[in-house]
Structures are given as C-alpha cells and as structure tokens.
Amino acid sequence: MENDNPTINKHYEQRRWRSKKEQKQQSLDLGIEADIPILEGQVKIIGPTVEDGVNSLAMKIWLIENAKYTVDATYYIFDNDLAGYAFLGAMCNAVKRGVDVRLMVDSLGSADMRHEELKGLLRCADEAGFIRGPDGKLTNKRARVQVMIFNAVSKIFVNINRRSHDKLLVIDGNSPTNAYVMTGGRNISLHYYGINEKGEKNKDTFQDLEILIKNPEGTLKQLKATHKKGVGDSPLTISRVSELYLTLLYNHSGNKYLTAWLPYSGQQEKLQESLDEIKRGPLFARSYANIEEELEQGYNPSKLRLAHEMANIVSYEVFEKYADVKGRNPNSIVEILDELGSLKYNVKHVRLVSPYIFLANEEPEEKDGRYQELAGIREWLAADPERTIEIITNSVMSSDNFMTQSIIDMEMVPRMLSNDPKFIDEWQDDLEVSEENPDFIGSEDFQKAINNPRIKVYQLGRLDADLIGGDETYGKLHAKFIVTNNVSFVGTTNLDYRSRFINNEMGYFMLGDGVNGELNQIFDDLKKRCYLWGEPDWLAMRKKVRELDGMEGFSAKSQRSVYSKLIFTGIKWQL
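Predicted model, so just to flag it, every value in this text is computed and none were measured.

Caption draft 1: Structural context of the overall build of the chain. If you tally the helices and strands in the chain, you get 23 helices and 20 strands. Computed over C-alpha atoms, the radius of gyration of the chain comes to 24 Å, within 12% of the 25 Å expected from 2.2 N^0.38 for 575 residues, which places it in the range of a compact globule. With respect to the three principal axes, the spread of C-alpha positions in the chain is 85 × 50 × 50 Å. Here the chain, with 575 residues, has 59% of them falling under the buried criterion. Considering only contacts within the chain whose residues lie at least 6 apart along the sequence, 80% involve residues at least 24 apart.

What follows is the structure, given as structure tokens:
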C-alpha cells in the first residue's frame, strides 16, 4: 500500500503494550541486563525558582502540543488538579492529530479507585488521527492512547511496596532531530509549578529541578554516522534510549493496562476546559508565550548515561539479602555513584541536594557490614585530604515529611559530623539535655562536630521566614541532584532508604563543564537560603518552629520521640 511505511510499522509494533504471556523475558530484567551506552546530548537546566516552576509546566504542555510522532510519560504523582487535567488535555489533542501516546502513573503515588480522568484520555483515541511518516505523509497507522498503572494494587500477587518513582517525559523519542527528554523531581501537580488553581502565583511551591535533553546538534546524516542503528534507519540517540527505557517499564508484568468501556465524554470536556483555563492564567500565558524561544537557547553539550533502579522492583528480601542484590544491576544509580568514588574518576568534591537523604547505618549490634554507608564515606574522605562533601536538604521548617526529617536531624547528620558515640547519644537525648542545654551546645564535642572542615550540611529556611513572623517564603525543597568536580547527576532519587532499596528511580549522569557550572551556581544560590546544621541561627530557627501551633510546631518538638519510635519499630527502612 502507498501509505504503508516500514519504519513506522516497526516502531508502532515495538511501542505496543505486551502482556506477561507475550514476553519471552521479563521486561525489567532486560533493562537490568542492558548495556546502556554513554551518548552525546545537549542539556538545559530548569531550576528551582517559582518562575522556573511555571516555565516547567508551560514547557511540558508546549512540547506535547508540538509533538510530531510520539509522546511518552510516566509520573509517580499525577493529581486530578488543573495541572493534571491540562496535561491530559494536551495529550488528548495530540492523539487526535495523529501522535501515538503512552502514559503510566504509579498506583499508590497516584492512588485513585477509578481514574476517570485517565479513562477520559483513553476515549480521545476514538477520534485519533493517522500517524505521519518521516517524509510527512500520512501512514495507515492510527494513533493510540495506552495507559498503564504501575504495580496496580488491584492485581493479585503484586508487591504493592515496590513503586515507580519516575518522572519522565519523552517527545518524539525515535526522531533524532525533533526529540526532547525531560526529567527531574517535578510530579504532575500544581504543588510543583508555582501557580494555584486560580492561575495565581504560589510562593510556597516545591523548590525542584529538572533537565531538558536534546540530541546532539547535526543533520540526520551526521547523527547516523556517529550513532549505532536503532529502529528502521534511525540512530540510537539518548532520546531513543530514553524511549526504550519507558517501553520496558510500561511492560512490567505487575502493571495494569487501563481500559475504558464508557464514553467518559464529561471527562474529555474537562480535559479541554482545563487546558484552556490554564492558558488564560496571566502567569502561565506569559511563560507559554516565550517557550518556543526558551527551547532554542541555554543548552550545554554533555555526555549522558541513563541509570535506573529496576532491580529494586524484581528483587526480594532486599534488606535481608542486600549483599545478593547489590551489584546485580550494572545500570544502578547507587552502583554508578559507588564507582565514581574510586580513584579512577578523581572525584574530589561532592555537592548533593536531596529533600530526604538518608545514609544507611546499622546500630552497633548489627555488625554484618551490609549498610555501613557512613563508614564508607569516612573511608572515602580519609583516602584523600582534599575530598569534601556538601549537602543541602530540608529543615523542620521546610520539610513535608516530619518522619524523614527526624532521621536526618537525629541520626544522619550527627553521625556524619562525628563518630563519637557520646556526642550522638547526647544530641538524641531530651531537648533540655541536648538542644536547649547551653553547656552541651557550647561544649568542645558539639563545636568540633559542627565545624567539621570536610563535611557541611545545610538546611533550607532562615529566621526571616514568613512561617515564623518574617516576610520571606522558603517553600519546600524537592530537588534531587549531585554535582562533583567532573561528573553530575539529575534524576528522581532522594537517596533515602526507599529510593535505594524499594523504588524504581531513574536519572542521567552527565559529563560536561557547562552543566557542572550551572548546577554549582544553583547549589550556591540554594545555600544562601539555608543555615549550616548546628550553627546558632539554625538552632534559633528550630526553636521558633517548635513554638508554633499546628503540625510544624508539633513535629519539631517531637523529633526525638518520633526518631525513637522509627528505630524501635524498624519503620525507618520503609520511609
């Protein structure tokens, strides 16, 4: 047939959802065993300011609305708010003009018994257009909407404790010159995008960070000459690898392939109304009008490698048999980070941003060596006197999870700053013995710990915060990135216990001076909005938060008792 395009046919078939019975090998095992290449690309950073958040949402919607062939997305949290419905509205319009669409949401992060909004998107395929080939001509393949619920709680034998924490959007992944890839910490929810339901500015938005990736500059002919062959005659680019990663994740046997029998016409109308409404908001409209120009500038050339934690989903007894699980996945974020710590890569300085970072550390009576990550960091520092570590994380003022914050403040940071058991015990004692005791705060042990010259931990929030009577809004930190003196990483992992042992996570390691420079500048800007853990102003800020009514004050006052319960029950390993 004249409109039968072999390249589109092959790509169309490859993108089809497959049941467990159709798979010769489990899809996640393929991802674990894959030899993921290091590829050239261009990276644009979308930073943590409120304005960056608005731009991020405008960018996502613009990219979907201008996709030519395919849209692929997966998000841990996908809210039924204005942002979520507008995002789906753009996807609905895409399939109607002939763009093949796939979407996955996590069954717990996006918990919903009915998912009517997603079923409304599915029914958009009733009016699907035909896909165009690379030559611009219509083919005989009609666009589809495929929606998956990751590890659906409604399925028998699914381990509901294993989640997909991914946030990834891939536009035209198999088209070398049109493709875009976007990932980082932002979910699909207004909380991340600097506006509220009325389209007005939300200063209390999550401070997050993402990267936008394009394939390297060059003509199709040049890209074919420098890349391996992919589907049809297309080169295997970083965007194509990202699309393949999503294909494997979509086909996980624990997923539910969503179907819709009813017309859901009311939901379809709401998708369009929400898209129109968000575009009328002055903040969004201003940002959206400049997106095309934004997409043409601000990129840094970089070498990129996709990394993930798929082994967490298919491994069992991960805590009891950690030694067996560790090393199984050569594409693991944690494993690659361990490798970067070797002498081979000459990493001298590590700067890390995470809202909920933990460093696993067993109690003294559990000395089987499985989780002694703090000891590993001390060994890494001791091997070279030039090595340093800086961390930015949340404080009792900015955290949205008081349990994780109690682990950070009561265990992780004091253990990082000091290996003196007496100091740690005193810090974890009652407030009047520790934090509110001038003798302890002024002691040589405390001062030595907080003035550790090679480990610095900063926490978001200062004494001028509106929460405690000032006029500055600090929001909540949600960005996740690492920058060293040569290699950087941006992705979805919080580097907490759940990220390392239970969830799937993903992100990109990057090698490039431009990317490193921008991330270092963002780190410095964030640091100006923080206090150093243990310094007098940090202690004063915590005291003011403890004096508040409501959840903030209660959680700050209760940190030590909460921490004790988390340790006693073992719940800390599930946070």
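Caption draft 2: Representation of helix 20 (residues 513–527). Its 15 residues place the ends of helix 20 21 Å apart at the C-alpha level, agreeing with the 21 Å of an ideal helix rising 1.5 Å per residue. Of the residues making up helix 20, those classed as buried are Val515, Asn516, Leu519, Ile522, Phe523 and Leu526. Axial view of helix 20: buried residues confined to an arc of 125 degrees, hence all on one face.

Caption draft 3: Region of the structure containing the pairing of strand 17 (residues 481–484). Neither face of strand 17 is open: one carries Phe481 and Val483, the other Ile482 and Thr484, and all of them are buried. Across 4 bridges, the pairing between strand 13 (residues 349–353) and strand 17 is antiparallel. Counterpart to Val353 in the pairing with strand 17 is Phe481. Where strand 17 and strand 18 (residues 487–491) come together, 3 bridges link them in antiparallel fashion. Across the sheet, the residue bridging to Val483 is Ser488, located in strand 18.

Caption draft 4: Up close: helix 4 (residues 82–96). With 15 residues, helix 4 extends 21 Å between its outermost C-alpha atoms, agreeing within 8% with the 21 Å of an ideal straight helix rising 1.5 Å per residue. With 13 of 15 residues buried, helix 4 is to be regarded as a mostly interior element. Looking at the residues trailing helix 4, positive phi occurs at Gly98, about 100 degrees.

Caption draft 5: Region of the structure containing the packing of helix 5 (residues 116–123) against helix 8 (residues 265–280). It is at 8 Å that the axes of helix 5 and helix 8 come closest, and there the two elements cross at 90 degrees. In terms of their interaxial angle, helix 5 and helix 8 are classed as roughly perpendicular. For the pair helix 5 and helix 8, contact is made by Glu116, Glu117, Gly120, Leu121 and Arg123 and by Gln267, Gln268 and Leu271, respectively. Taken together, the residues that form the contact of helix 5 with helix 8 break down as 2 nonpolar, 3 polar and 3 charged.

Caption draft 6: Representation of the environment of Met506. Inspection of the secondary structure assignment puts Met506 in strand 19 (residues 506–511). Taking the relative accessible area as the measure of exposure, Met506 reaches 0% and is therefore buried. For the pair Met506 and Asp172, spaced 334 residues apart in sequence, the C-alpha to C-alpha distance is 19 Å. The contact partners of Met506, leaving out residues within four places of it in the chain, are Asp166, Lys167, Leu168, Thr183, Tyr245, Leu306, Ala307, His308, Ile333, Phe489, Gly491 and Thr492.

Caption draft 7: A look at the confidence of the model for the chain. Per-residue pLDDT for the chain has a mean of 92; in total, 95% of the residues score no lower than 70. Scored below 50 in pLDDT, residues 364–370 shows 8 contacts in the model against residues more than four places distant or in partner chains.

Caption draft 8: Region of the structure containing the environment of Ser499. Within the secondary structure, Ser499 is located in helix 19 (residues 497–501). In contact with Ser499, not counting residues within four places along its chain, are Glu309, Asn312, Thr493, Asn494 and Glu505. Among the polar contacts made by the side chain of Ser499, one reaches the main-chain amide nitrogen of Asn494 at a distance of 3.2 Å. In this structure the side chain of Ser499 is engaged in a polar contact, spanning 2.6 Å, whose partner is the side chain of Asp496.

Caption draft 9: Broad picture of unusual backbone geometry. Here His115, not a glycine, exhibits a phi torsion of approximately 50 degrees, which is positive. When you line up the elements, His115 lands in the loop between strand 3 (100–106) and helix 5. With relative accessibility at 7%, the residue His115 sits in the buried group. For Leu495, which is not glycine, the phi dihedral falls at a positive 60 degrees. By the element assignment, Leu495 lies in the loop between strand 18 and helix 19.

Caption draft 10: Quick peek at the nonpolar core. Counting residues in hydrophobic clusters, the biggest one holds 104 residues, and the most contacted among them are Met416, Phe481, Tyr508, Met510 and Leu519. With residues up to four places along the chain from it excluded, the contact list for Met416 reads Leu359, Leu374, Ile377, Arg378, Ile389, Ile391, Asn452 and Ile455. Judged by nonpolar contacts, the second largest core, of 64 residues, contains Ile46, Leu121, Ala143 and Tyr299.

Caption draft 11: Structural view of the packing of helix 3 (residues 50–65) against helix 8. Viewed as axis vectors pointing N to C, helix 3 and helix 8 meet at an angle of 130 degrees, and their least axial separation amounts to 12 Å. Comparing the axis directions of helix 3 and helix 8 gives the class oblique. Between helix 3 and helix 8 lies a crossing of left-handed hand. Packed against helix 3, whose contacting residues are Leu57, Ile61 and Glu65, the element helix 8 presents Leu275, Ile278 and Lys279 at the interface. The residue inventory of the contact of helix 3 with helix 8, partitioned by class, reads 4 nonpolar, no polar and 2 charged.

Caption draft 12: Inspection of the environment of Val101 at higher detail. Relative to the assigned elements, Val101 resides in strand 3. Beyond its immediate sequence surroundings of up to four residues, Val101 is in contact with Arg15, Val71, Met91, Ala94, Val95, Arg144, Val145 and Gln146.

Caption draft 13: Here's a closer look at the pattern of salt bridges. In the structure shown here, the tally under the stated rule is 34 salt bridges. The salt bridge partner of Asp204 is Lys476, with a shortest N-O separation of 3.6 Å. Of this pair, Asp204 sits in the loop between strand 8 (180–184) and strand 9 (206–207) while Lys476 sits in strand 16 (residues 476–477); the two residues are 272 residues apart in sequence, bridging distant segments of the chain. Relative accessible area serves as the criterion here: at 24%, Lys476 is assigned to the partly exposed category.

Caption draft 14: Structural context of a nonpolar patch on the surface. Together, Phe402, Met403, Met551 and Phe554 line one region of the surface with nonpolar side chains, adding up to about 370 Å² of accessible area. Tracing the backbone shows Phe554 in helix 22 (residues 550–557).

The rules behind these values
- Residues numbered from 1 in each chain as written.
- Predicted model: local features only at pLDDT ≥ 70, side-chain atom pairs only at ≥ 80, totals over all residues.
- Heavy atoms only, no water.
- Helix = DSSP H or I, 4+ residues; strand = E, 2+ residues; numbered from the N terminus.
- Rg over C-alpha atoms; globule rule 2.2 N^0.38 Å.
- Buried < 20%, exposed > 50% of the residue type's maximum accessible area, 1.4 Å probe, protein only.
- Contact = heavy atoms within 4.5 Å.
- Expected span 1.5 Å × (residues − 1).
- Arc of directions from axis to C-beta.
- Pairing = 2+ DSSP bridges.
- Axes fitted to C-alpha atoms, helices over the stretch in contact; angles between N-to-C directions.
- Parallel < 35°, antiparallel > 145°, perpendicular 65-115°, else oblique.
- Nonpolar A, V, L, I, M, F, W, Y, C, P; charged D, E, K, R; others polar.
- pLDDT = per-residue confidence, 0-100.
- Polar contact = N/O pair within 3.5 Å; in protein donor to acceptor, adjacent residues only side chain to side chain.
- Core = buried A, V, L, I, M, F, W, Y, C linked by side-chain atoms within 4.5 Å.
- Left-handed = near helix turned anticlockwise from the far one by under 90°.
- Salt bridge = Lys/Arg side-chain N within 4 Å of Asp/Glu carboxyl O.
- Patch = residues over 30% accessible without salt bridge, like charges linked within 9 Å, V, L, I, M, F, W, Y side chains within 5 Å.
- Areas by Shrake-Rupley, 256 points an atom, 1.4 Å probe, with all protein chains shown as cover.

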